[in-house]
Protein chains: 2
Amino acid sequence: MTRTLNFAAGLVLLLAAPVWAAEPLPSWNDGNARKAIVSFVARVTTEGGPDYVPPSERIAVFDNDGTLWSEQPMYVQLAFALDRVKTLAPSHPEWKTTQPFQAALEGDARGLAASGEHGLLQLVMATHAGNTTEEFEQIVRTWIATARHPKTGRLYTEMVYQPMLELLAYLRANGFKTFIVSGGGIELMRPWTERVYGIPPEQVIGSSVKTRYEARDGRPVLLRLPELNFIDDKEGKPVGIHQHIGRRPIAAFGNSDGDFQMLEWTAAGPGPRLALLVHHDDAAREAAYDRASAIGRLARGLDEAGTRGWIVASMKHDWKLVFPAVPEKQ
Amino acid sequence: MTRTLNFAAGLVLLLAAPVWAAEPLPSWNDGNARKAIVSFVARVTTEGGPDYVPPSERIAVFDNDGTLWSEQPMYVQLAFALDRVKTLAPSHPEWKTTQPFQAALEGDARGLAASGEHGLLQLVMATHAGNTTEEFEQIVRTWIATARHPKTGRLYTEMVYQPMLELLAYLRANGFKTFIVSGGGIELMRPWTERVYGIPPEQVIGSSVKTRYEARDGRPVLLRLPELNFIDDKEGKPVGIHQHIGRRPIAAFGNSDGDFQMLEWTAAGPGPRLALLVHHDDAAREAAYDRASAIGRLARGLDEAGTRGWIVASMKHDWKLVFPAVPEKQ
């Protein structure tokens, strides 16, 4: 009984006291972006305050490519697709003379670009479908454990942004539920997001192919079909959020105009809202790109952030470091 | 410091000890169904045991109609659609002479049945689409707060099964994450599942219409389109589970052959699995129906439960009571 009471007292104490022991967000400089985040969290978690939001409604959504991990010099998903083309090529001799596969096999970036969106879609369908969901998960697990970034030689899962990892943990410690809402393939993320970001598979939203339930050798499987199910980008992001979460987030984090509608939808709700864009302006530590970039283009977001009250976080000025420290020996 | 240590000690104690203070599942008789549930939970939560499952993988899925609440004498969703037809009729004078609307307005069950699946789909599209998601949510909230079961006169949210409410709470107290996986419309459930079942909107999976993101009077909205997005029934249930959850449940609960594939998919994974069918064999307290029923038909499930090791819970014999006690004054 006494132990139970002690426990209850401890629990009450824990719930009443600020949940962060040390200074939160240590890799963020003490600029406007960090101030806006900390102030927002304080407002929505202050019980009895005018902006209090109950924990069940503390939903925060994060884009992945360019927001939680690096998307330069190419989307990780494209690197995966190109590696898969090479792996599958022996059983597809016709690819040697068929675009976009020929370009993929020859590392011909220009030819690949010339194949356009339709070509990229062909690549994705040829490399992301035809397996069962369990086979595909294993393919992703194996690939992500060894594939390395072409410039830094780091694992892709080490090309995540330390300040954003701290932000995810800080929000969760303050009762938020954190979701990924990415234009990337949902099953390319789920096998590792819990380990790397602390985000379980059921809180990952992304683009997907259709699947079909069928028996294979007497065992039920879900077969991945070469048919698009959902594109979780631009106007698709609020649609995907509604489908999966069923309520409007109060905080949204992105880095490109593909995230515009997600931030707009989040910010349009009543009460306190936080919308933040990561601005890649750090050529020395990562990359500098925005209006003119083919990957992660950010123009409308920069133009309208000010009038909309969205925060633009400068990678160069707001972040003390970009990537987590990695043990010397790789 | 001392308080912190006390708290930590209390937490360890809490995690190590059985989480249920009193006897679990008080509304279940001590038969095979209850024994199977309690034994399964003990096995997957025993750290160091051969069947231990870490909390993040303790996913339990529940059908809704006929498993968590009553589906007789008609699906609640159909009652909702019929009420909506009456509400909307003044702006649709043509419905007076057009099927299936005429039958709906005249309470002509035979005419309604004669319109078949296509007619029912027409009804759903005419009554579930054309609004924004926020408008529809408000319509559902208003309706569910007042609409009553045609036989008992109870609110539909009081036509839930007390033993299943206890099962949901028992699983959650043992580290499970509980999901609804229903053939019913997802947005017809989300406004009240947290209050009634303790299941938040993001853990509700169901059938859906497509939505479109657009601006209305300068504000972004999601418009509900008269176009099916997903049918979460039969083979669709494993597909929906994979889309939303991204991993295989270890426990599944249903009541009809519409749940067969969900139970099959759940049971086909490695390690301990629990698959349970609620058998409606209690004409006195609720309803008795299975093989011959148009609603909630259960035939294959009954035929194969034995060889598959699925539990068939008899409403009549396994449940001490069916519905929660409701205050006299309604």
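Here is a short report on the structure shown in this document. (Residues numbered from 1 in each chain as written. Chains lettered and ligands numbered in written order. Predicted model: local features only at pLDDT ≥ 70, side-chain atom pairs only at ≥ 80, totals over all residues. Heavy atoms only, no water.)

Now for the environment of tryptophan 265 of chain B. All names here are of chain B. Looking at where tryptophan 265 falls in the secondary structure, it is placed in helix H11 (residues 260-267). Its relative accessible area of 5% is what places tryptophan 265 among the buried residues. Here the alpha-carbon distance between tryptophan 265 and valine 76, two residues 189 residues apart in the chain, equals 27 Å. (Helix = DSSP H or I, 4+ residues; strand = E, 2+ residues; numbered from the N terminus. Buried < 20%, exposed > 50% of the residue type's maximum accessible area, 1.4 Å probe, protein only.)

All names here are of chain B. Relative to each other, helix H2 (residues 32-45) and helix H8 (residues 162-173) sit at 15°, their axes nearing to 11 Å. If you check the angle between H2 and H8, you find them roughly parallel. When you trace H2 past H8, the crossing you get is right-handed. Between H2 and H8, the contacting residues are Ile37, Val38 and Val41 on the first element and Leu167, Tyr170 and Leu171 on the second. Each residue belonging to the contact of H2 with H8 can be placed in one class, and the counts come to 6 nonpolar, no polar and no charged. (Axes fitted to C-alpha atoms, helices over the stretch in contact; angles between N-to-C directions. Parallel < 35°, antiparallel > 145°, perpendicular 65-115°, else oblique. Left-handed = near helix turned anticlockwise from the far one by under 90°. Contact = heavy atoms within 4.5 Å. Nonpolar A, V, L, I, M, F, W, Y, C, P; charged D, E, K, R; others polar.)

With that settled, the discussion passes to the interface of chain A and chain B. Chain A puts 42 residues into the contact, and the matching count from chain B is 42 residues. With both chains or domains summed, chain A and chain B bury close to 3,600 Å², and 56% of this area falls on carbon and sulfur atoms. Linking chain A to chain B there are 8 salt bridges. In this structure, glutamate 134 of chain B engages arginine 248 of chain A in a salt bridge whose closest nitrogen and oxygen atoms are separated by 2.9 Å. Viewed at the interface, chain B and chain A are joined by 24 residue pairs in polar contact (both at pLDDT 80 or more). Secondary-structure elements contributing two or more residues to the side of chain A that touches chain B are helix H1 (2-16), helix H7 (133-144), strand S2 (177-185), helix H9 (186-197), strand S3 (204-216), strand S4 (219-230), helix H10 (236-244) and helix H11 (260-267) of chain A. If you tally residues by element for the side of chain A that touches chain B, the top one is H1 of chain A, at 7 residues. A breakdown of the residues in the side of chain A that touches chain B according to their chemical character gives 18 nonpolar, 12 polar and 12 charged. (Buried area = accessible area lost by both parts, 1.4 Å probe. Salt bridge = Lys/Arg side-chain N within 4 Å of Asp/Glu carboxyl O. Polar contact = N/O pair within 3.5 Å; in protein donor to acceptor, adjacent residues only side chain to side chain.)

What follows concerns the sheet that holds strand S7 (residues 311-314) of chain A. Residue and element names in this part refer to chain A. Taken in spatial order, the 7 strands of this open sheet run S4-S3-S2-S1-S5-S6-S7, and their pairing is mixed. The outermost strands of the open sheet, each flanked by one partner alone, are S4 and S7. Ignoring strand direction, the axes of neighbouring strands in this sheet form an average angle of 35°. Sheet topology note: the strand S6 (residues 274-279)/S7 ladder contains 4 bridges and is parallel. (Pairing = 2+ DSSP bridges.)

All right, on to the packing of aromatic side chains then. Tallied over the entire structure, the rule returns 28 aromatic pairs over all chains. Residues tyrosine 161 of chain B and tryptophan 319 of chain B carry aromatic rings whose centres are separated by 5.3 Å and whose planes lie at 50° to one another, so their mutual orientation is tilted. Of this pair, tyrosine 161 of chain B sits in the loop between helix H7 (133-144) and H8 while tryptophan 319 of chain B sits in the segment after helix H13 (315-318); the two residues are 158 residues apart in sequence, bridging distant segments of the chain. With a relative accessible area of 1%, tryptophan 319 of chain B lands in the buried category. Ring pairing ties together the aromatic residues Trp69, Phe80, Phe136, Trp143, Tyr156, Trp192 and Tyr197 of chain A, which thus form one cluster. Across from the ring centre of phenylalanine 136 of chain A, 3.9 Å away, lies the NZ or CZ of arginine 224 of chain A, which sits over that ring. Positioned over the ring face of tryptophan 265 of chain A is arginine 248 of chain A, at 3.7 Å from the centre of the ring. (Phe/Tyr/Trp six-rings, centres within 6.5 Å; stacked < 30°, edge-to-face > 60°. Lys NZ or Arg CZ within 6 Å of the ring centre and 35° of its normal.)

Our next topic: the relation of the copies chain A and chain B. Superposing chain A onto chain B requires a rotation of 180° together with a translation of 0.0 Å along the rotation axis, leaving an RMSD of 0.0 Å. Those values place the two copies in the arrangement expected of a two-fold rotation axis. Interface overlap between copies: 100% of the residues of chain A at the interface are likewise at the interface in chain B, consistent with a symmetric, same-surface contact. (Least-squares fit on C-alpha atoms with pLDDT ≥ 70 in both.)

Quick look at the pattern of salt bridges now. Residue and element names in this part refer to chain A. As enumerated under the stated definition, the model contains 44 salt bridges over all chains in all. Residues arginine 297 and aspartate 257 are paired through a salt bridge, measuring 4.0 Å at the closest nitrogen-oxygen approach. Of the two residues, arginine 297 is situated in the loop between S6 and helix H12 (300-308) and aspartate 257 in the loop between strand S5 (251-254) and H11; the sequence distance between them amounts to 40 residues. Connected through salt bridges with shared partners, the residues Glu23, Asp30, Arg34 and Lys35 form a single ionic network.

Let us now look at the sheet that holds strand S5 (residues 251-254) of chain B. All names here are of chain B. Spatial strand order, S4-S3-S2-S1-S5-S6-S7: 7 strands in an open sheet with mixed pairing. Edge strands, defined here as strands with exactly one partner in the open sheet, are strand S4 (219-230) and strand S7 (311-314). Direction aside, neighbouring strands of the sheet carry axes that sit 35° apart on average. The strands that H11 touches are strand S1 (59-62), strand S2 (177-185), S5 and strand S6 (274-279); relative to S5, the one it contacts most, it runs at about 165°.

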